[in-house]
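An overview of the molecular structure
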Amino acid sequence: MGLIAGIVGLPNVGKSTLFNAITNANVLAANYPFATIEPNIGVVEVPDPRVDVLTEMYHPKKTIYTTFEFRDIAGLVKGASKGEGLGNQFLSHIRTCDAIVQVVRCFDDPNVIHVDGSIDPLRDIETILIELIFADMEVIEKRIPKIRKRAELKLDAEAVLEYKTLLKMNETLKAEKPIRSLDLTLEETKLIKNFSFLTAKPMVYVCNVADDELMDYSNNKYVNKIQKIANSENSKTVVISAKIEQELGELDLEDKEMFMEDLGITRSGLDELVGVSYELLGLKTFFTVGTDEVRAWTFKDGMKAPECAGVIHTDFQKGFIRAETMSYEALIQAGSESKAKELGKFRLEGKEYIAKDGDIFNFRFNV
């Protein structure tokens with residue numbers, strides 16, 4: 001269950017530079033609009049020190065980290081929802097993503113042009129938001145007439161709830177606020193899932209600051225304003241310097257650690273971005289271990305053991321019998337798997353067991 005995050009933003013805000021840093025790929029980063037047309041895709045390993053510790057313990061033939069897919073999606077301009085610029089392509093590419101990573105320019109540099117002629121992150125955020133709002137409103141306005149009669153006659157309880165939910169969302173969108181700013185019930189969230197509303201998708205605002213502001217951005221007027229917007233709509237912010245992240249991405253591990261030490265940071269902005277994205281999407285990690293392979297797997301918080309088995313293979317879920325499990329912490333405290341079993345840390349869990357972050361599973365199944 002890999003996460004797909006779409007990197008978006010107006011032209012020349014640092015999207016492709018950030019993508020280069022994430023994937024260490026040679027993606028075009030040109031100083032003009034629409035340098036990126038088709039979305040570049042990069043799959044990266046998610047750093048997890050627990051995988052490294054388990055590898056040291058089991059000495060497997062193969063180690064596999066969980067993965068994170070980023071898509072560098074083309075820039076857009078006003079009127080994208082009406083097909084201006086690369087609007088239609090932009091919106092279709094975003095719809096297939098689990099989360100949106102919006103890069104916002106928070107630095108002044110006369111040598112890097114801005115599509116609107118000046119630096120104003122709030123205007124940039126509003127430009128993208130309005131286009132996404134228009135696209136969502138179009139979906140709602142096409143759907144409402146199809147269920148209005150059933151809902152008003154109260155012939156179908158689900159239609160009644162869907163109708164009320166769509167009306168509530170439409171009012172929010174008309175107020176120029178995203179759907180994610182609403183506190184929807186679990187039932188309402190399930191009802192709208194298949195619509196893939198753009199403004200309902202989790203949003204991470206990446207504040208791209210100048211190199212010399214990375215260590216102290218508290219006085220950056222742009223960052224402060226973006227953080228207020230994020231708080232008001234249940235979104236998150238991450239502050240990075242895309243240029244520094246790209247430089248870090250080009251170094252080997254030892255040089256990267258030295259560079260980070262010189263900068264006075266213990267965690268790169270990209271690691272922070274991955275962590276925040278996982279948190280926003282409610283994602284956790286479980287492990288499978290052995291001498292053949294140590295592997296990390298991504299699952300959604302609240303999943304039960306059979307669903308986690310299904311992350312590995314659908315047959316595992318269909319024929320689920322039980323899960324043999326222990327926590328990562330218990331294994332490390334015991335020092336070995338055999339000792340953990342001896343101490344009674346190894347458990348048998350059934351179909352109703354809710355998986356926890358750091359669980360180590362061995363699934364028993366029969367198909």
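Residues numbered from 1 in each chain as written. Predicted model: local features only at pLDDT ≥ 70, side-chain atom pairs only at ≥ 80, totals over all residues. Heavy atoms only, no water.

**Structural notes on the nonpolar core**
Counting residues in each nonpolar core, the largest one holds 56 residues, and the members touching the most others are Ile 7, Leu 18, Ile 22, Phe 68, Phe 70 and Leu 273. Looking at this core, the element that brings in the most residues is helix 10 (residues 269-281), giving six residues. Leu 18 has contacts with Ile 7, Val 103, Val 206, Ile 240, Ala 242 and Leu 270, leaving out every residue within four places of it along the chain. In terms of nonpolar packing, the next biggest core, distinct from the first, is built from 15 residues, Met 137, Ile 144, Ile 147 and Ile 179 among them. (Core = buried A, V, L, I, M, F, W, Y, C linked by side-chain atoms within 4.5 Å. Buried < 20%, exposed > 50% of the residue type's maximum accessible area, 1.4 Å probe, protein only. Helix = DSSP H or I, 4+ residues; strand = E, 2+ residues; numbered from the N terminus. Contact = heavy atoms within 4.5 Å.)

**Quick look at the environment of Ile 64**
Tracing the backbone through its elements, the reader meets Ile 64 in strand 3 (residues 62-64). Sequence separation between Ile 64 and Val 46 is 18 residues, and the spatial gap between their C-alpha atoms is 9.8 Å. Every residue in contact with Ile 64, bar those within four places of it in the chain, is listed here: Glu 293, Val 294, Arg 295 and Ala 296.

**Considerations on the sheet that holds strand 7 (residues 236-240)**
Reading across the sheet, the six strands line up as 2-4-1-5-6-7 and stay open at both edges, with mixed pairing between neighbours. Each edge of the open sheet carries a strand with a single partner, namely strand 2 (40-45) and strand 7. Pairs of neighbouring strands in the sheet enclose a mean axial angle of 25°, with direction left out of account. On the sheet, helix 10 packs against strand 1 (3-8), strand 4 (67-72), strand 5 (99-105), strand 6 (203-208) and strand 7 and is oriented at approximately 175° with respect to strand 7. (Pairing = 2+ DSSP bridges. Axes fitted to C-alpha atoms, helices over the stretch in contact; angles between N-to-C directions.)

**Considerations on the packing of aromatic side chains**
Summed over all chains, the structure comprises twelve aromatic pairs. Linked through ring pairs, Phe 286, Trp 297, Phe 299, Phe 320, Tyr 353, Phe 361 and Phe 363 together constitute an aromatic cluster. Positioned above the aromatic ring of Phe 346, the side-chain terminus of Lys 341 is 4.8 Å from the ring centre. (Phe/Tyr/Trp six-rings, centres within 6.5 Å; stacked < 30°, edge-to-face > 60°. Lys NZ or Arg CZ within 6 Å of the ring centre and 35° of its normal.)

**Here's the deal with unusual backbone geometry**
In this model, His 59 sits at a positive phi of 50°, which is unusual for a non-glycine residue. Accessibility expressed as a relative area gives 59% for His 59, which makes it exposed. Phi angles above zero are rare outside glycine, and Ser 196 is one such case at about 50°. Note that Ser 196 resides in the loop between helix 6 (186-192) and strand 6. Given a relative accessible area of 26%, Ser 196 falls into the partly exposed group.

**A look at the confidence of the model for the chain**
The pLDDT averaged across the chain works out to 86; a share of 89% of its residues lies at or above 70. Across residues 25-38 the pLDDT falls below 50, and counting only partners more than four positions away or on other chains, this stretch makes 37 contacts in the model. (pLDDT = per-residue confidence, 0-100.)

**As for a negative patch on the surface**
Among the surface-exposed residues, Asp 252, Glu 254, Asp 255, Glu 257, Glu 261 and Asp 262 lie close enough to one another that they form a single negatively charged patch. Mapped onto the elements, Asp 252 comes out in the loop between helix 8 (242-249) and helix 9 (253-263). (Patch = residues over 30% accessible without salt bridge, like charges linked within 9 Å, V, L, I, M, F, W, Y side chains within 5 Å. Areas by Shrake-Rupley, 256 points an atom, 1.4 Å probe, with all protein chains shown as cover. Salt bridge = Lys/Arg side-chain N within 4 Å of Asp/Glu carboxyl O. Lys, Arg positive; Asp, Glu negative; His and termini not counted. Charge placed at Lys NZ, Arg CZ, Asp CG, Glu CD.)

**Considering the environment of Ala 159**
Mapping Ala 159 onto the fold places it in helix 5 (residues 157-174). Spatially, the C-alpha atom of Ala 159 lies 9.9 Å from that of Lys 146, the residues being 13 residues apart in sequence. Not counting residues within four places of it along the chain, the set of residues in contact with Ala 159 comprises Ile 147, Arg 150 and Ala 151.

**Some words on the pattern of salt bridges**
Enumeration over the complete set of coordinates arrives at 19 salt bridges. A salt bridge links Arg 267 to Glu 272; the nearest nitrogen and oxygen atoms lie 3.1 Å apart. Since its relative accessible area comes to 44%, Arg 267 is described here as partly exposed. Of the residues examined, Glu 272 reaches a relative accessible area of 32% and is grouped as partly exposed. Across the pair Glu 324 and Arg 364 runs a salt bridge whose closest N-O atoms are separated by 3.0 Å. Taken together, the residues Glu 324 in strand 10 (residues 320-327) and Arg 364 in strand 12 (residues 359-365) connect sequence positions 40 residues apart. We classify Arg 364 as partly exposed; its relative accessible area is 37%. One network of salt bridges, in which partners are shared, links Asp 48, Arg 50 and Asp 357.

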